[in-house]
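Coordinates in review
Each chain, letter by letter, is given below.
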Amino acid sequence: MKHLLSVDDLDRDTATGLLDEAERFSQALLGREIRKLPTLRGRTVMTVFYENSTRTRVSFEVAGKWMSADVINVSASSSSVNKGESLRDTAKTLYAAGADALIVRHPASGAAHQIARWTAEDDGAGPAVINAGDGTHEHPTQALLDALTLRQRLGGLEGRRIAIVGDVVHSRVARSNARLLSTFGAEVVLVAPPTLLPVGVGSWPVEVSHDLDRVLPTVDAVMMLRVQAERMNGGFFPSAREYSVRYGLNDRRGRLLPDDAVVLHPGPMLRGMEIGYDVADSPRAAVLQQVSNGVHMRMAVLFSLLVGTEGGGA
Ligand code: CP
């Protein structure tokens, strides 16, 4: 695998291999006073973020540093992008400056695919490109870390029933998760108001519901999505209040879940909107486990793309 642009790049065996590799990195670092492996010494990893991020950018940086790569963070707001430089020229410049891997977040769907094509134009090679979120399209490393978290919490994914709830239409996390979880044999149910479901959802490998109270008692896990007001051009239907009442996982709804069901949220969480304060802090919430797994998962992805030997990274 040269790039990770979409969960469609992953068949079940490849995805399972990445989850296993992430577990090995986690074990290799467990209890170490100095968390440093020599795995990517001499490699240069660049993150290029055109949208805000806490978890994804930081965890890629930590992942690269824990494997001894040189990690350079390019923020669009302090780069020559602000002087009008194009995405194509920026990407080619970073490759020419020595990037072995480019980790890209961009508001345009398809941006990472385009960068992979552009950066290979001159020498036929180009860097490994990792999609760290492209518009409303995909966020493949988020889906991988979520699958790892669910596998750890539930003991496996085959036949498990997982609800993805909320602003599905704007969610690259929902798109990547629905497809990857199906690849692993899980049953996915999307729960959202009709206005927050994408056109064409009928072709997704999922069940659809508008009734969260009915779905909650039937699931092994529920993944709450952030309401992405920044992608709504000022309009939000239903209203924030109505949304929260009908689709928020408040403390009363949390009690509808089976005792051992797990709650996930990719973050950032809007407490009091899509998730209640107590649910978010309850033992069934796996939110911080998702963050820790994000580092190990991104180590596994970087290792797989830059070195490629299965099982040899940790
Ligand atoms: N889950 C996620 O992508 O979070 P950030 O936007 O903070 O990276």
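All of these numbers come straight from a predicted model, not from anything done at the bench.

Next up on the list: the overall build of the protein chain. When helices and strands are counted, the protein chain shows eleven helices and nine strands. By the compact-globule yardstick of 20 Å for 314 residues, the protein chain fits well, its C-alpha radius of gyration being 19 Å. Viewed in the frame of its principal axes, the protein chain has a C-alpha envelope of about 55 × 45 × 35 Å. Across the protein chain, every contact between residues at least 6 apart in sequence was considered, and the portion connecting residues at least 24 apart equals 79%.

What the domain assignment lists for the protein chain is domain 1 (7-137 + 291-306) and domain 2 (140-289). Computed from C-alpha atoms alone, the centre-to-centre distance between domain 1 and domain 2 is 25 Å. Residue contributions to the side of domain 1 that touches domain 2 peak at seven residues, all from helix α11 (residues 287-306). A class-by-class count of the residues in the side of domain 1 that touches domain 2 yields eleven nonpolar, nine polar and four charged.

This part covers the site of the ligand. Every residue lining the ligand is accounted for by S53, T54, R55, T56, G133, Q142, P266, G267 and P268. The residue inventory of the shell around the ligand, partitioned by class, reads two nonpolar, six polar and one charged. Residue-level mapping places the shell around the ligand at the junction of two domains, with at least three residues from each of domain 1 (7-137 + 291-306) and domain 2 (140-289).

Another point: helix α2 (residues 55-66). Across its twelve residues, α2 extends 16 Å between first and last C-alpha, which sits within 8% of the 16 Å expected from 1.5 Å per residue. T56, S59, F60, A63, G64 and W66 are the residues of α2 that are buried. The buried residues of α2 occupy an angular sector of 165 degrees when projected down its axis, which confines them to one face. Positioned one or two residues after α2, S68 has a phi angle of 70 degrees, which is positive.

Definitions and cut-offs
Residues numbered from 1 in each chain as written. Predicted model: local features only at pLDDT ≥ 70, side-chain atom pairs only at ≥ 80, totals over all residues. Helix = DSSP H or I, 4+ residues; strand = E, 2+ residues; numbered from the N terminus. Rg over C-alpha atoms; globule rule 2.2 N^0.38 Å. Contact = placed C-beta atoms within 7 Å. Domains from an automatic or database assignment. Nonpolar A, V, L, I, M, F, W, Y, C, P; charged D, E, K, R; others polar. Near = placed C-beta within 6 Å. Expected span 1.5 Å × (residues − 1). Buried ≥ 20, exposed ≤ 12 C-beta atoms within 10 Å, placed from the backbone. Arc of directions from axis to C-beta.

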